[in-house]
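Structural overview for review
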Amino acid sequence: MEQLLAKVRACTLCNGLPLGPRPLVQASATSRLLIAGQAPGRATHIKGIPFDDASGRRLRTWLGLDTADFYDPAKVAILPMGFCFPGTGKNGDLPPRPECAPTWRHPLLEAMPDVALALIIGRYALAWHLPTAGKRPLTNVVGATDLPQGIAVLPHPSPRNNRWLRQNPWFEAQTLPKLRESIADLWQDG
């Protein structure tokens, strides 16, 4: 795993990015929880720490994890669809670069045999991990009971999704308590 992570962190496939390549990934062969998101934002790319922003604070609250557990690769793998900040477009950050996932995703996932729960965050991660479910509206997939065992879909924790959260109070009232229970059980079972 360490050799693979060293290769990932040295990757320059997307050398033409506005801030240059700086792959942000966190993983271990013992990771039990996988967070599959989109791509780092500008602030996290600059800091070199995934989810070290408002989205990350909200995500940690949603999951019931403190900072130490969240950033412990022995417990939590953070494997976005694109490992580098893709740049900014008219309506926010650009999509993850297409080179990253096909190059690195399978080798990294195979090197993490202990993952018991994968959290799929955002359309690009959903399309990769659950191509059929990715065609459904996000609201119908978040909290869905027909997903494969060990997979949960979340809306992006960005403040941009405050409206969705207000319109869907069941997410915080019903889905998150169950998710926190499942996450707490990960390290009791392992």
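Just above, that's the structure.
Read on for a plain summary of the structure. Computed from a predicted structure; not experimentally measured.

**A short note on the packing of helix 1 (residues 2-9) against helix 5 (residues 100-110)**
Each pair of packed helices can be summarised by the angle the axes make with each other and by the distance between the axes. At their nearest, the axes of helix 1 and helix 5 sit 11 Å apart, and the two run at 160° to each other. Judged by the inter-axis angle, helix 1 sits roughly antiparallel to helix 5. Crossing angle aside, the handedness with which helix 1 passes helix 5 is left-handed. The residues of helix 5 that touch helix 1, namely those facing L4, L5, K7 and V8, are W104, P107 and L108.

**Quick look at helix 3 (residues 54-63)**
Burial in helix 3 covers these residues: S55, G56, L59, R60, W62 and L63. Taken around the axis of helix 3, the buried residues stretch over an arc of 160°, which confines them to a single face. The N-capping residue of helix 3, defined by a side-chain oxygen 3.2 Å from the backbone nitrogen of S55, is D53. Phi turns positive one or two residues past the end of helix 3, at G64, with a value near 70°.

**Quick look at the state of the cysteines**
Inspection of every chain in the model, using the stated rule, returns 0 disulfides. Not engaged in a disulfide, the cysteine C84 finds its nearest cysteine sulfur in C14; these two sulfurs lie 3.9 Å apart.

**Concerning the environment of G64**
Note on placement: G64 falls in the loop between helix 3 and helix 4 (67-70). Relative accessible area serves as the criterion here: at 54%, G64 is assigned to the exposed category. Expressed as a C-alpha distance, the spacing of G64 and P177, which sit 113 residues apart in the sequence, is 8.9 Å.

Definitions and limits used
- Residues numbered from 1 in each chain as written.
- Predicted model: local features only at pLDDT ≥ 70, side-chain atom pairs only at ≥ 80, totals over all residues.
- Heavy atoms only, no water.
- Axes fitted to C-alpha atoms, helices over the stretch in contact; angles between N-to-C directions.
- Helix = DSSP H or I, 4+ residues; strand = E, 2+ residues; numbered from the N terminus.
- Parallel < 35°, antiparallel > 145°, perpendicular 65-115°, else oblique.
- Left-handed = near helix turned anticlockwise from the far one by under 90°.
- Contact = heavy atoms within 4.5 Å.
- Buried < 20%, exposed > 50% of the residue type's maximum accessible area, 1.4 Å probe, protein only.
- Arc of directions from axis to C-beta.
- Polar contact = N/O pair within 3.5 Å; in protein donor to acceptor, adjacent residues only side chain to side chain.
- Disulfide = S-S within 2.5 Å.

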